[in-house]
Amino acid sequence: MEEIVDAENLRSHFLQVLRSRRSSEVPLSVELAKPVANPLYQEASPPKFSEVMESCPKANIVGFKDLLKEENLYLITEAGDQGRLPVTNKCKEWLRPLLEAYASRGYIAIAIDSRYHGERASSKTTYRDALISFSWKNGDTMPFIFDTVWDLIKLADYLTQREDIDPARIGITGESLGGMHAWFGAAADTRYAVAVPIIGVQGFRWAIENDMWQARVDSIKPVFEEARIDLGKSVIDKEVVEKVWDKIAPGLASDFDAPYTIPAIAPRPLLILNGAEDPRCPLAGVKIPEERACKVYGEAHFSDKFKLIAQPGIGHEMTTLMVKEASDWFDRFLN
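Residues numbered from 1 in each chain as written. Predicted model: local features only at pLDDT ≥ 70, side-chain atom pairs only at ≥ 80, totals over all residues. Heavy atoms only, no water.

K.L.:
In this structure, what is going on with the overall build of the protein? I would like to understand it.
P.N.:
A count of helical and extended segments in the protein gives 14 helices and eight strands. Against the compact-globule benchmark of 20 Å for 335 residues, the protein has a radius of gyration of 19 Å, which places it among compact chains. With the C-alpha coordinates aligned to their principal axes, the bounding extent of the protein is approximately 60 × 45 × 40 Å. Taking all 335 residues of the protein together, the buried fraction comes to 51%. Carbon and sulfur atoms form 52% of the exposed surface of the protein, whose accessible area is close to 15,300 Å². Placing the 40 positive and 50 negative side-chain charges of the protein at their respective mean positions leaves the two points 2 Å apart. (Helix = DSSP H or I, 4+ residues; strand = E, 2+ residues; numbered from the N terminus. Rg over C-alpha atoms; globule rule 2.2 N^0.38 Å. Buried < 20%, exposed > 50% of the residue type's maximum accessible area, 1.4 Å probe, protein only. Areas by Shrake-Rupley, 256 points an atom, 1.4 Å probe, with all protein chains shown as cover. Lys, Arg positive; Asp, Glu negative; His and termini not counted. Charge placed at Lys NZ, Arg CZ, Asp CG, Glu CD.)

K.L.:
Which parts of the structure should I look at to understand helix α11 (residues 238-248)?
P.N.:
In an α-helix, one turn spans 3.6 residues; hence positions three or four apart end up facing the same way. Of all the positions in α11, only Val-240, Val-241, Val-244, Trp-245 and Ile-248 are classed as buried. Here the buried residues of α11 occupy an arc of 130 degrees about the axis, which is enough to place them on one side. Looking at the buried positions of α11, the neighbouring elements they touch are α5 (126-137), α8 (204-209), α9 (214-219) and α10 (221-230). A side-chain oxygen of the first residue of α11 lies 3.2 Å from the backbone nitrogen of Glu-239; this N-cap is Asp-237. (Arc of directions from axis to C-beta. Contact = heavy atoms within 4.5 Å. Polar contact = N/O pair within 3.5 Å; in protein donor to acceptor, adjacent residues only side chain to side chain.)

K.L.:
Would you mind going over the pairing of strand β8 (residues 306-311) with me for this structure?
P.N.:
Two faces, one strand: in a regular strand the side chains alternate between the faces of the sheet. Pairing between strand β7 (residues 270-275) and β8: six bridges, direction parallel. Following the sheet pairing, Ile-272 is matched in β8 by Leu-308. Each parallel crossover has a hand, and the one from β7 via helix α13 (residues 287-299) to β8 is right-handed. (Pairing = 2+ DSSP bridges. Right-handed = clockwise from strand over helix to strand, strands pointing away.)

K.L.:
Any chance you could explain the packing of α5 against α11 here in plain terms?
P.N.:
Angle between the axes and distance between the axes: these two values describe a pair of packed helices. Following both chains from N to C, one finds α5 and α11 inclined at 80 degrees, their axes separated by 8 Å at the closest point. One element, α5, and the other, α11, form an angle in the roughly perpendicular class. Residue-level inspection shows Leu-131, Ser-135, Trp-136 and Lys-137 of α5 in contact with α11, the latter providing Lys-243, Val-244, Lys-247 and Ile-248. For the contact of α5 with α11, the class distribution of residues is four nonpolar, one polar and three charged. (Axes fitted to C-alpha atoms, helices over the stretch in contact; angles between N-to-C directions. Parallel < 35°, antiparallel > 145°, perpendicular 65-115°, else oblique. Nonpolar A, V, L, I, M, F, W, Y, C, P; charged D, E, K, R; others polar.)

K.L.:
What should I look at first to understand the pattern of salt bridges in this one?
P.N.:
When charged atoms on two side chains of opposite charge get close, those side chains can pair. Taken as a whole, this structure holds 28 salt bridges when the rule is applied. Linking Glu-70 and Arg-96 is a salt bridge whose minimum nitrogen-to-oxygen distance equals 2.8 Å. For Glu-70, a relative accessible area of 31% gives the class partly exposed. By relative accessible area, Arg-96 is classed as partly exposed at 32%. Between Lys-233 and Asp-237 there is a salt bridge, and its shortest N-O distance comes to 2.9 Å. Overall, Asp-237 belongs to the partly exposed group, its relative accessible area being 22%. Connected through shared salt-bridge partners, Arg-22, Glu-78, Arg-115, Arg-120, Asp-147 and Asp-151 make up one network. (Salt bridge = Lys/Arg side-chain N within 4 Å of Asp/Glu carboxyl O.)

K.L.:
Just to check I follow, could you spell out the sheet that holds strand β6 (residues 194-198) for this structure?
P.N.:
Two orientations exist for strands paired in a sheet by backbone hydrogen bonds: parallel and antiparallel. Across the sheet, four strands lie side by side as β5-β6-β7-β8; this open sheet has parallel pairing. Lying at the two open borders of the sheet, with one neighbouring strand each, are β5 (171-175) and β8. Averaged over all neighbouring strand pairs, the angle between strand axes comes to 5 degrees, with direction disregarded. Sheet strands touched by helix α14 (residues 320-334): β5, β6, β7 and β8. Its angle to β6, the strand with the most contacts, is close to 175 degrees.

If you want it as structure tokens, here you go:
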């Protein structure tokens, strides 16, 4: 029997989980910052140029660079070092061509550093170390997805206070881990009026039950290896995978999985962009959330506000087609 999603109860439950591992809450405040001259990338080969990022449609404005207004801020979202959220118009600097393209078309375009990335990292292993020590070992924080979703809720607090932003027209997107942030951010906070998660939506429970979890696990493998050792296992198996998800992101493979959180975004416009051959986000694992979302949007008479595009022949990569589809979706529903 198909389960009915109570979106408000789901959001309330999710917020309780987010609050359960917070350092002391503090009033939201803003500090001025400066552009980052040498951003820290935790990849083995830092990216230099992205044709995909540069492909975003842009308006042809004479002297655009001189007209561009840039702000660099820190939002204080909670106590502690990770409560200092860097905000600017893989770390956020990588997104600059995308931000400028949206800005050229009249958007106020904003990017953040996710937890333990960019300015919130001190070394090339900061994120990995946090997953193992703070999340798996101690259960103090949730750096995989959930802590950054908390930041996105606080970001919405800030954005809706600004006089130059229409609080009813705030969109959210992201790629890969950022796509998961966009998915859960929109599910958690209805102030995100339009959502476009890119190569992020997947069925975590489906992957465990269908032995299709390996590629996702490999993306943050050190924490699973540490868990394997702690659990006395000779190899990473589905039991290890389930225990890690339950510890580092409670509910990720159950109450807050895609079949529940994707329909909870309705009736707000939602475009899911995936690669049809993406091993981290197997297309078969998105079938149930897609079916449930279609049903919910249809019953609300907003079928045109939900769409899933799985680009044929594409694995775990963002493409120029995805960038164009996302851009068109925002133009359609935010303008």
